[in-house]
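Chain by chain, the residues run as shown.
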Amino acid sequence: MINRRDFSRTLGLGTAAAAVSLTGLQGSQTASAAPRSAPAASTVPTVTPGAHTTFPQLKHIRAGLLNVGYAELGPAHGPAVICLHGWPYDIHSYVDVAPLLAEQGYRVIVPYLRGHGTTRFLSDRTFRNAQQSAIALDVVALMDALKIDRAVLAGFDWGSRTADIIAALWPERCKALVSVGGYLITNLQANLKPLAPGAEHAWWYQYYFSTERGRLAMEDKSLRHDLTRLVWDTVSPTWAFDDATFERTAAAFDNPDYAAVVIHNYRWRLSLADGERRYDGLEKRLATRPVIEVPTITLDAERDPFTAPGNGASYRERFTGRYEHRTLTGIGHNLPQEAPADFAQAVIDVDRF
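Residues numbered from 1 in each chain as written. Predicted model: local features only at pLDDT ≥ 70, side-chain atom pairs only at ≥ 80, totals over all residues. Heavy atoms only, no water.

Asks: What exactly am I supposed to notice about the pairing of strand β6 (residues 151-155) here?
Replies: Among the five residues in β6, five count as buried, and that is most of the element. By the alternation rule, side chains of β6 split into A151, L153 and G155 and V152 and A154, which are all buried. The sheet contact formed by strand β3 (residues 80-84) and β6 spans four bridges and is parallel. Looking at β6, one finds that I82 is bridged to L153. Bridge analysis of β6 against strand β7 (residues 174-180) gives five bridges, and the strand direction is parallel. Within β7, the position partnered with V152 by the bridge is A176. The parallel pair β6 and β7, bridged by helix α4 (residues 158-169), forms a crossover whose chirality is right-handed. (Buried < 20%, exposed > 50% of the residue type's maximum accessible area, 1.4 Å probe, protein only. Helix = DSSP H or I, 4+ residues; strand = E, 2+ residues; numbered from the N terminus. Pairing = 2+ DSSP bridges. Right-handed = clockwise from strand over helix to strand, strands pointing away.)

Quick look at the structure:
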């Protein structure tokens, strides 16, 4: 567990202060890195997406720079699973996944990321930073606050990136990993290079957010609502969600720091916004494309426009531990909410590697 002193050292503060791009510490390939040939037998009951609509009463805890809002299901002393959402989503991406895992005896933690839902910064003076290492440290701080030494980390989009970083830099905190989209650690240098036109088209909002018009749109509640709904419609073309499903998540976008966090995240990825110097050491390590040695299942969503071609081949070398790759046909970007039983099964299977 990282204590307050070690946490400060990690940031380089001293004891007195408290796109798909491929990037990681080089590790050795071992015999255990061979992919598993077939998934384990299903132990998760089939559930219709949308069977659940709400979580139990949310909890809050001070962790690092934040007062984190989170949902918790399952036995307090069960093995921990932390499920991390992406953009433009929130904890409801796991509203069906979490009960499935809780029924299997897991302690399931689903936090709002910084700038989302009921999570708040502790200080008005804290820079609303959304660079990748800052968000990863939020989750490490949450684990410390909840006294969770190790957990299975599972995520998609921003959540995959965050889980990948923790697995790469602090493998002692990650028992196993489920990563939708594979290896998503951002490489700023690689992000300066243009992608194929089709991929650039899918990232339209990233470039919109680099403009003043995009920032103003995110600050306008009505425009933000319609923009995020458009993203949902286009990146999950086969998901027949209703208006109520979207509105439950859209409420999380009313966080007072939402626009600032989202804009900074996408501008930072394109090197159009600076991060903070206290995270420079971590970002230098991430720029080396560190391998991930913990047991991992990667999931690709076939209808997600951001899914890399090649059935996981483009990032396979980044995972050097026990490993399996699965592609879900007919599923879009919000994989946990579109295919909750498949996602929950991946968590259970990787925990048994």
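Anyway, onward from the coordinates.
Asks: Looking at this model, I keep getting lost on the packing of helix α7 (residues 212-219) against helix α10 (residues 258-269). Mind explaining?
Replies: For any two helices packed against each other, the geometry is given by the interaxial angle and the distance between the axes. The contact between α7 and α10 brings their axes to 8 Å, and the two run at 150 degrees. Classified by the angle their axes make, α7 and α10 are roughly antiparallel. In this structure, α7 crosses over α10, and the sense of that crossing is right-handed. Along the contact surface, α7 presents E212, G214, R215, M218 and E219, while α10 presents Y258, A259, V262, I263 and R267. (Axes fitted to C-alpha atoms, helices over the stretch in contact; angles between N-to-C directions. Parallel < 35°, antiparallel > 145°, perpendicular 65-115°, else oblique. Left-handed = near helix turned anticlockwise from the far one by under 90°. Contact = heavy atoms within 4.5 Å.)

Asks: Would you take a moment to explain the confidence of the model for the chain for this structure?
Replies: Looking at the chain, the pLDDT average stands at 90 and 88% of residues meet or exceed 70. For the chain, helix α1 (residues 4-11) is the element with the lowest average pLDDT, namely 40, and β3 is the one with the highest, namely 99. Here residues 1-38 is modelled with pLDDT under 50, and outside its nearest four sequence neighbours on either side it reaches 95 contacts, counting other chains as well. (pLDDT = per-residue confidence, 0-100.)

Asks: What is the right way to look at the packing of aromatic side chains in this model?
Replies: How two aromatic rings sit relative to each other is given by the distance of their centres and the angle of their planes. Using the criterion set out here, one finds 25 aromatic pairs in the structure. Chaining the aromatic ring pairs together yields one cluster made of W87, W158, W203, W204, Y205, Y208, F209, Y266 and F306. The ring of F246 has R229 sitting right over it, with the charged end atom 5.5 Å from the ring centre. The cationic tip of R322 hangs over the ring face of F353; the distance from NZ or CZ to the ring centre is 6.0 Å. (Phe/Tyr/Trp six-rings, centres within 6.5 Å; stacked < 30°, edge-to-face > 60°. Lys NZ or Arg CZ within 6 Å of the ring centre and 35° of its normal.)

Asks: Would you explain the pattern of salt bridges in this entry?
Replies: Under the counting rule described, the total for this entry stands at 17 salt bridges. Across the salt bridge formed by D138 and R114, the nearest N and O atoms sit 2.6 Å from each other. Of the two residues, D138 is situated in helix α3 (residues 132-145) and R114 in the loop between β4 (107-111) and β5 (120-121); the sequence distance between them amounts to 24 residues. By relative accessible area, which is 11% here, D138 ends up buried. On the accessibility criterion, R114 (1% relative accessible area) is buried. Among the salt bridges present, the one from E324 reaches R326, with a minimum N-O distance of 2.5 Å. Taken individually, E324 and R326 each receive the classification buried, so the pair is uniform in this respect. One salt-bridge network, held together by shared partners, links K59, E72 and R107. (Salt bridge = Lys/Arg side-chain N within 4 Å of Asp/Glu carboxyl O.)

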